[in-house]
Amino acid sequence: MRWYGFKFKEVLLPQLPGAGVRLFYYQSETKAAEVAAGVIREQYMQLARAFDYVPEREVPYVLYATHLEFQATNLFPISEGVLGVTSPSELTLTLPFFGDLEQYRHTSTHELTHEFTIQIVRSAGEAAGRPGGLGGFPLWFIEGLAEYAAYGGMDPDGKPGPEPRGASGPSLPGLDPDTEAWARDLLYRSSPFEGYLIPPFYSDYPMGYVHTYKLGQLRVAFMGATFGRELIIWLLKNASTMGLADERGAGVKFPELVKMGTGYDKETIERLFADWIQRRYLPAYDQARTRVPSLQPIDNVPVEAELVVASPDGKTLLMRGFDRELGEGSLWLLEGDNPGKSQLVVRDSRPGLESLHLISRRTFALGNERIAWIGRAGEADVLTVARLEKPPEGSSDLFRITDRRSFELVKHHILEGGDPTFSPDERRIAFSGVDTNGFKDVYIMDVDEGFSSLRRVTQGPFSKSGLSWTADGIYLATDAAPDGDANIGLLDPETGAIRVVVADRSIKECPVLTPAGLVYASNLGGRWDLYRIEDGVAWRITDVSTLIRSPAVGAKGSLYGIIVHGGHFRLARLPPVEILRLDGRPPIAADYDPTPRPLPILRLPEVAPEYRPFDHFGIDMGGIQVGTQTVAVGGISFSDLLRDRLLAVQLAVYGSLDFTDASAIFLDRSQRTTWLAGIFHTFQPKRDRTFGTPALPDNPDFFLEREFGAMGGLSYPFNRFERMDVLLTVEGVHRSRFTDRRGTRDAAWEELTGGNDLQLLATAGYGLDTLRYHPFVGPISGSTVLFAAGTSILPQRLNVGGAGVNGWAEFDLQHFFYLGARSTFWTRAAAGSAFGGRFSRQFYLSSVDNLRGYHWSDDRLLGTHYYVANAELSFPLDWLIRIAIFEGLRGVGAVDFGGVTDHYEQLLDARSLDLAVGLDFLAGPLAMRLHFGYPIQIGPVLPADGWVTNFALRLRY
């Protein structure tokens, strides 16, 4: 959600060939934006040379200072795992500065590569007079190419280097140690049942980070190493061929395009890739000296481990883990000698703790007597510090966690925090923080004195992470180093001076002081291993087959770390006897100059033009469809470049003006409070209540009510999970087309009910939503709460038998219980009631969503009062049944109870019960439900005689 608005400025970056880049930034991040502008200019020129192309369309580049602010963008739906996004249609690119120069460089190159890819394909298609063909590429090629280029794979001057550890043959431009580690793990420990395998070369499935990004990068690297970067450029420039008919009359697809460029058919490319990957990575397994089981994975931890730290005495571990199905992070205390004994500290994804920032950075610390964690809560991160005390005798807990104190970092303009560490006496805590200017620095605070003692120790554009406080000072990793490196420094907590203690041509992280020396992780030589400095010599102490990171002190001279094993992160123990001493070298390499690279700063104008949304206003999306029987449906939306302000126009005509649904709504989402205003025309059939009894028994009369007018509303989010909505409407109401089944009431109805009325409406609603979603399930855990109420006034009828004032209220409570293995149990209770006169609101319950024992068109589902309860078990079937074009096949068993009526006294008589079974399944962007309800008579009402079929078609979750 958005906690505040952004006042963007815009500037066209100078001295760039082609259409160039227009940078959008805001005042508080100006210094970071000047660094970013210099980086962008360098990358633009490098990519122009790499692809032999300069963009013909201007690149809108929207920069945020922090990842937290980036998540508030309206440009795209952004989850925490998304680092940057590029639109293939509008070409808009957006990402944060991160407070981390190397992270920003990599992500910016990745997204700019998307820009070049899109524009090359589009320009070549236009030159050929055909559509570009971008959609013909598999997603792994698009994302893999962006990663490949971000690591220098498309550089025309890139040359293979010395053979890396973990691979046979030279190191290849475009491949990084993480990608090669995942490739080795896929080759050594595939698990087809879990979808963790090396798929056929051209396959886009399974999807996910490893297969789409990392294995996609590997496949593009294979193409580059085997056929040269020229093939990749040729594929982009000839993408418009895809979709045309080949010599056999079949449509050209990506495999045929590759054949046109290489001369090799699909099967040959498959065999070449399989041979290449095996020759490159199979020998490394035999060569590795630190392998399972001597490296001992810990099997009985409660969740998948992702990072770990240890108390100074090594007796306790603090592990951050996650549940892949729920997407939920958590912190666990583990016993050092017996990690299977654990205690939950906190879970995220709930009010009060939205995120523990999985993957992005370490956000927890452990002392002998204190514990700390940083998590997002509200508009910024919150630091929590607590004491650890011995539990009561007989307790299963490892500790009592007491005296919790929370510090809202935003009060000191710090939006994101990470890498906390306690001083040796545990009276102070240090952490890295990114403030509103976008730079990451080190802060120190006395825990007991709180914010009054908070001070910034460092200041500058280079990042500082992996803090570890010792008697010597604070060890940390910093990218104040030559291009692409991160070195280990020792920070003086009093002066802020940083002295380099480990430096070489690699990325280093997580320094930890152990009794035997300083331990850290490094990708030196092309593979992540652990290193330790002993008596002035840096030794490599592991020789793993995939990778190992996040070292932590263990008991009795052992070490813990996080490894990649079988497609999962695993907590692993390295016994003292398995600690190696390889490749001894000076901590600061003799042939290495650790002087930081000069920052490519591009000064921005002191008075840059402000972003004017209506100067960038245009068509966002739209379409029209005309069908038979005078049916026409269409819609179009307009927005500014940032999508903060939208105008949506919708029109559906079903034969006449009476049956027309139309609206034009303007929405402003630029601030925390969203507001809307618009005009509309709609219609709905209503059950007539003019006369005391229906014209014919069990066959009520209906009429058509047209509503047209203007509306205005506000939506205010209290936090990520809760919001309040208010809507005011002034409308005209026209009632006509009375069915008059008796044939004698039309004149009286026209006098009492028909014609025009003025109606004033006010509605308010409160919503709470903590649902977690799974791509193949939909909601998988969490709750929703909805309360809504409204009132309507018909001024012309205020003195007509109480018909002039009406109101309504309803609630809907739902909870999803996660049962494991993608199975869920859904419970729901909902009710609504309208009051007032005969013009009060009428509720219509869709059978497929509420009472599946009714047919969808049953008019007994329309009334002024309703109540519904549902219980539904949903479980996966795709492990047993595979159907072409469908995915996520699920079985459903459910019970529905409820009723609808116009009279309070008939609420009990309206009750109904049904049992339901069915299937849920997905096809591309669509989600479908095919359910069969069997009504059971428990009162006067029998919804139907026998099984009832209900089918629903919706957009995917």
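Per chain, the residues get numbers from 1 upward, laid out in the order the sequence is written. pLDDT decides what is reported in this predicted model: residues at 70 or higher carry local features, side-chain atom pairs at 80 or more are listed and counted, and totals for whole chains, interfaces and linings draw on all residues regardless. As a convention, hydrogens and water are excluded, and side-chain values are obtained from all of the structure's heavy atoms.

The name recorded for the protein chain in an unreviewed UniProt entry is TolB protein, from Vulgatibacter incomptus. UniProt positions are given in the numbering used here, feature names are shortened, and annotations may be inferred rather than shown by experiment. The heading Sequence similarities (unreviewed entry) in the UniProt record of the protein chain holds the text "Belongs to the TolB family."

## Overview of the overall build of the protein chain
Broken down by element type, the protein chain carries 10 helices and 49 strands. Throughout, the radius of gyration refers to the C-alpha atoms, and the reference size of a globule is 2.2 Å times the residue count to the power 0.38. Taken over the C-alpha trace, the protein chain has a radius of gyration of 32 Å; the compact-globule value for 957 residues is 30 Å, and the two agree within 12%. The C-alpha extent of the protein chain, read off along each of the three principal axes, is 105 × 80 × 60 Å. A 1.4 Å probe rolled over the protein chains alone gives each residue an accessible area, and that area as a share of the maximum for its type sets the label: buried under 20%, exposed over 50%, partly exposed in between. Across the 957 residues in the protein chain, those meeting the buried criterion constitute 56%. For the protein chain, the computed accessible surface area is about 40,700 Å², with 56% contributed by carbon and sulfur atoms. We count a stretch as a helix when DSSP gives it H or I for four or more residues in a row; a strand needs E for two or more, and each element gets its number in order from the N terminus. For the area figures, the Shrake-Rupley method with a 1.4 Å probe applies, and any residue is considered shielded solely by the protein chains shown.

## Re the packing of aromatic side chains
For Phe, Tyr and Trp, where Trp contributes only its six-membered ring, two rings pair if their centres lie within 6.5 Å, and the inter-plane angle classes them as stacked under 30 degrees, edge-to-face over 60, or tilted in between. For the coordinates displayed, the defined rule picks out 49 aromatic pairs. Here the aromatic rings of Phe-227 and Tyr-264 are separated by 5.9 Å at their centres, their planes lie at 45 degrees, and the arrangement is tilted. Here the residue Phe-227 occupies a position in helix α6 (residues 209-227), and Tyr-264 occupies one in the loop between α8 (254-262) and α9 (266-287), the gap between them amounting to 37 residues. We classify Phe-227 as partly exposed; its relative accessible area is 24%. We classify Tyr-264 as partly exposed; its relative accessible area is 36%. Its guanidinium or amino end placed over the ring of Trp-140, Arg-219 lies 4.4 Å from that ring's centre, counting from NZ or CZ. Here, a charge over a ring is recorded when the distance from Lys NZ or Arg CZ to the ring centre is within 6 Å and its angle to the ring normal is within 35 degrees. Above the plane of the ring of Trp-539 lies Arg-581, whose end atom (NZ or CZ) is 4.6 Å from the centre.

## Points about the side chain of Asp-529
Tracing the backbone through its elements, the reader meets Asp-529 in strand β25 (residues 529-534). We classify Asp-529 as buried; its relative accessible area is 0%. Side-chain polar atoms of Asp-529 contact the side chain of Arg-165, separated by 2.6 Å. In what follows, a contact means two residues having at least one pair of non-hydrogen atoms within 4.5 Å. In this view, Asp-529 contacts Arg-165, Tyr-520, Ala-521, Ser-522, Arg-540, Thr-542, Asp-543, Val-544 and Ile-548; residues no more than four positions away in its chain are not counted. Polar contacts, as counted here, are pairs of nitrogen or oxygen atoms within 3.5 Å of one another; within protein the pair requires one atom able to donate a hydrogen and one able to accept it, and residues that are adjacent in sequence qualify only if both atoms are side-chain atoms.

## Let's talk about unusual backbone geometry
For the bond from Tyr-205 to Pro-206, the omega torsion is -5 degrees, close enough to zero to count as cis. Relative to the helices and strands, Pro-206 is located in the loop between α5 (177-188) and α6. For Asp-403, which is not glycine, the phi torsion reads 50 degrees and is therefore positive. Position of Asp-403 among the secondary structure elements: in strand β14 (residues 400-408). Residue Asp-583 is not a glycine yet carries a positive backbone phi of 55 degrees. In this fold, Asp-583 is placed in strand β30 (residues 582-585). On the basis of relative accessible area, Asp-583 is assigned to the partly exposed category, the value being 48%.

## Describing the pattern of salt bridges
Where charged atoms of side chains with opposite charge meet at close range, the side chains can pair. The term salt bridge refers to a side-chain nitrogen of Lys or Arg lying within 4 Å of a carboxyl oxygen of Asp or Glu. On inspection of all chains with the given rule, the structure shows 65 salt bridges. Note that Arg-597 and Glu-102 form a salt bridge whose closest N and O atoms lie 2.3 Å from each other. Within this pair, whereas Arg-597 is found in the loop between β30 and β31 (618-626), its partner Glu-102 is found in helix α3 (residues 101-128), the two being separated by 495 residues in sequence. Judged by its relative accessible area of 21%, Glu-102 is partly exposed. The shortest N-O distance in the salt bridge between Asp-441 and Arg-456 comes to 3.1 Å. Within this pair, whereas Asp-441 is found in strand β17 (residues 440-446), its partner Arg-456 is found in strand β18 (residues 455-456), the two being separated by 15 residues in sequence. Note on Arg-456: relative accessible area 32%, which makes it partly exposed. Taken together, the shared-partner salt bridges connect Arg-165, Arg-527, Asp-529, Arg-540, Asp-543 and Asp-583 into one network.

## Quick look at the domain arrangement of the protein chain
For the domain bounds, the source is a domain assignment made automatically or taken from a database. Annotation of the protein chain at the domain level lists domain 1 (1-134), domain 2 (136-287), domain 3 (292-585), domain 4 (671-769) and domain 5 (774-956). Here the C-alpha centre of domain 4 lies 58 Å away from the C-alpha centre of domain 2.

## Examining the packing of helix α1 (residues 30-51) against α3
The angle between the axes and the distance between the axes are what describe a pair of packed helices. For helices, the fitted axis covers only the stretch in contact; all axes are lines through C-alpha atoms, and the angles between them, taken along N-to-C directions, range from 0 to 180 degrees. One way to put it is that α1 packs onto α3 with a least axis distance of 10 Å and a crossing angle of 45 degrees. By the angle between their axes, α1 is oblique relative to α3. Between α1 and α3 lies a crossing of right-handed hand. Residues Val-35, Ala-36, Val-39, Ile-40, Glu-42, Gln-43, Tyr-44, Leu-47, Ala-48 and Phe-51 of α1 form the contact with α3, whose own contacting residues are Leu-101, Tyr-104, Arg-105, Ser-108, Thr-109, Leu-112, Thr-113, Phe-116 and Ile-120. When an angle is under 35 degrees it counts as roughly parallel; over 145 it counts as roughly antiparallel; between 65 and 115 it counts as roughly perpendicular; any other value is oblique. Left-handed is the label given to a crossing in which the near helix is rotated counterclockwise from the far helix by less than a right angle, and right-handed is the label when the rotation is clockwise.

## Details of α5
Expected span of a helix, by definition, is 1.5 Å for each gap between consecutive residues, and there is one gap fewer than residues. Its 12 residues give α5 an end-to-end C-alpha distance of 16 Å, which sits within 8% of 16 Å, the value for a rise of 1.5 Å per residue. Most of α5 is tucked away, with 10 of its 12 residues classed as buried. The set of residues buried in α5 consists of Pro-177, Thr-179, Glu-180, Ala-181, Trp-182, Ala-183, Arg-184, Asp-185, Leu-186 and Tyr-188. Buried residues in α5 make contact with α6, α9, β28 (559-565) and β29 (568-574).

## Comments concerning the nonpolar core
By size, the foremost hydrophobic cluster in this structure holds 96 residues, and its most contacted members are Leu-13, Leu-23, Phe-51, Tyr-61, Tyr-104, Phe-137 and Phe-141. Residue contributions to this core peak at 12 residues, all from α1. Those residues in contact with Phe-137 that sit more than four places away from it in its chain are Val-121, Ile-142, Leu-235, Leu-236, Ala-239, Met-242, Phe-254 and Leu-257. Among buried residues, those of type Ala, Val, Leu, Ile, Met, Phe, Trp, Tyr and Cys that are joined through side-chain atoms within 4.5 Å constitute a nonpolar core. By size, the runner-up hydrophobic cluster in this structure holds 18 residues, among which are Leu-318, Val-346, Ala-386 and Leu-388.

## Some thoughts on the side chain of Arg-911
With respect to the helices and strands, Arg-911 occurs in the loop between β46 (887-901) and β47 (912-923). Charge assignment in this entry is limited to Lys and Arg as positive and Asp and Glu as negative, and neither His nor the chain termini are counted. Although buried, Arg-911 forms no salt bridge, and the nearest oppositely charged side chain, Asp-909, lies 4.3 Å from it. One polar contact links the side chain of Arg-911 to the main-chain carbonyl oxygen of Leu-908, over a distance of 2.7 Å. Apart from the residues lying within four places of it in its own chain, the contact partners of Arg-911 are Tyr-867, Phe-897, Gly-898, Ile-938, Gly-939, Pro-940 and Val-941.

## Brief notes about the environment of Ala-471
By secondary structure assignment, the location of Ala-471 is in the loop between β19 (464-470) and β20 (473-478). Assessed through its relative accessible area of 76%, Ala-471 is described here as exposed. Taking C-alpha positions, Ala-471 is 25 Å from Arg-405, a pair spaced 66 residues apart along the chain.

## Observations regarding a nonpolar patch on the surface
Candidates for patches are residues over 30% relative accessible area with no salt bridge; among them, like charges are joined within 9 Å and nonpolar side chains (Val, Leu, Ile, Met, Phe, Trp, Tyr) within 5 Å. On the surface, a nonpolar cluster with roughly 810 Å² of combined accessible area is contributed by Phe-193, Trp-879, Leu-880, Ile-881, Ile-883, Ile-885 and Phe-886. Tracing the sequence through the fold places Phe-886 in the loop between β45 (865-876) and β46. Take Phe-886: its relative accessible area is 32%, and that puts it in the partly exposed class.

## Looking at the sheet that holds strand β27 (residues 548-553)
Spatial strand order, β6-β29-β28-β27: 4 strands in an open sheet with antiparallel pairing. Among the strands making up the open sheet, the edge pair consists of β6 (296-297) and β27. Any two strands with at least two DSSP bridges between them are considered paired. Where β6 meets β29, 2 bridges bridge the pair, whose relative direction is antiparallel. By the bridge assignment, Pro-297 is partnered in β29 with Ala-572.

## Focus on the packing of α6 against helix α7 (residues 229-237)
Axis separation between α6 and α7 bottoms out at 6 Å; the angle between their running directions is 115 degrees. Residues Val-220, Met-223, Gly-224 and Phe-227 of α6 form the contact with α7, whose own contacting residues are Arg-229, Glu-230, Leu-231, Ile-232 and Leu-235. By residue class, the composition of the contact of α6 with α7 is 6 nonpolar, 1 polar and 2 charged. Asp, Glu, Lys and Arg are counted as charged, while Ala, Val, Leu, Ile, Met, Phe, Trp, Tyr, Cys and Pro are counted as nonpolar; the rest, among them Gly, fall into the polar class.

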